[in-house]
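Commentary on secondary and tertiary structure
The chain contents come next:
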Amino acid sequence: MSPQHDPSDLMSAEAELHRIDHTATIWFAAALIAVALPLTGLLISGWRPADLTPVAAAFWWAGAIVGIIGLSAIGYAGCPIYWGSVLTAHLQKSIAIRAGLAMLLIGSFVAISAVLGG
């Protein structure tokens, strides 16, 4: 086994991949709750995206789509399925968790801003 693939090395691709699997699972659960609670509150209160002005509705839908893509990327990063080698999976999941969190935050900000401003 080469030093790069030594699982006892905390900086190896395998160790990083396991860390991403575990932290992405936690991020995914937290993100689901963070999205579901405010959305549920809005929907229970009777709010609907159709209540927004056309511009605000466009921003809300754009933010919602970006947020859903980000949430999907976080879900992929937490899924213990690997495509190809450990190094390939490490690269894919590293990008997925980072991009997913950024997209979720940006999409959520845009959607919430549209609701508050519209």
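Report follows, based on the coordinates. Quick caveat: nothing in here was measured; it's all calculated off a predicted structure. (Residues numbered from 1 in each chain as written. Predicted model: local features only at pLDDT ≥ 70, side-chain atom pairs only at ≥ 80, totals over all residues. Heavy atoms only, no water.)

A separate point is the overall build of the protein chain. Along the backbone of the protein chain there are three helices and zero strands. For the protein chain, the sequential pattern of α-helices and β-strands runs α-α-α. Projected onto the principal axes, the alpha-carbon positions of the protein chain cover approximately 60 × 25 × 20 Å. Taking all 118 residues of the protein chain together, the buried fraction comes to 31%. Put simply, 68% of the contacts in the protein chain that link residues at least 6 apart link residues at least 24 apart. Surface accessibility of the protein chain: about 7300 Å² in total, with carbon and sulfur atoms responsible for 78%. (Helix = DSSP H or I, 4+ residues; strand = E, 2+ residues; numbered from the N terminus. Buried < 20%, exposed > 50% of the residue type's maximum accessible area, 1.4 Å probe, protein only. Contact = heavy atoms within 4.5 Å. Areas by Shrake-Rupley, 256 points an atom, 1.4 Å probe, with all protein chains shown as cover.)

With that settled, the discussion passes to helix α1 (residues 13-44). Here α1 is 32 residues long and its end C-alpha atoms lie 45 Å apart, about the 46 Å a rise of 1.5 Å per residue gives. Restricting attention to buried positions, one finds in α1 the residues Ala13, Glu14, Ala15, Leu17, Ile20, Asp21, Ala24 and Ala31. On its buried face, α1 sits against α2 (54-78) and α3 (86-117). A positive phi of about 100° marks Gly46, the residue just after α1. (Expected span 1.5 Å × (residues − 1).)

Turning our eyes to something else, we now look at the layout of surface pockets. Empty space within the largest pocket amounts to approximately 470 Å³. Counting residues per element, the lining of the largest pocket draws most heavily on α3, at eight residues. Looking at the lining of the largest pocket, its residues break down into 15 nonpolar, four polar and no charged. (1 Å grid on protein atoms, 1.4 Å probe; cavity = no way out; pocket = protein on both sides within 12 Å on 5 of 7 lines; lining within 4 Å. Points joined across faces, edges and corners; volume = space filled by probe spheres on them. Nonpolar A, V, L, I, M, F, W, Y, C, P; charged D, E, K, R; others polar.)

Under the definition given, this model contains two aromatic pairs. When the ring of Trp60 is compared with that of Trp61, the centres are 4.7 Å apart and the planes differ by 90°; the resulting orientation is edge-to-face. Look at Trp60 and you get buried, because its relative accessible area is 11%. Within the aromatic cluster, the residues linked to one another by ring pairs are Trp47, Trp60 and Trp61. Over the aromatic face of Tyr76 sits the side chain of Lys93, whose NZ or CZ is 4.9 Å from the ring centroid. (Phe/Tyr/Trp six-rings, centres within 6.5 Å; stacked < 30°, edge-to-face > 60°. Lys NZ or Arg CZ within 6 Å of the ring centre and 35° of its normal.)

It is worth spelling out the packing of α2 against α3 at this point. Axis separation between α2 and α3 bottoms out at 7 Å; the angle between their running directions is 155°. As judged from the angle between their axes, α2 and α3 are roughly antiparallel. Taken as a pair, α2 and α3 cross one another with a handedness that is left-handed. Grouping the constituent residues of the contact of α2 with α3 by class yields 19 nonpolar, seven polar and one charged. (Axes fitted to C-alpha atoms, helices over the stretch in contact; angles between N-to-C directions. Parallel < 35°, antiparallel > 145°, perpendicular 65-115°, else oblique. Left-handed = near helix turned anticlockwise from the far one by under 90°.)

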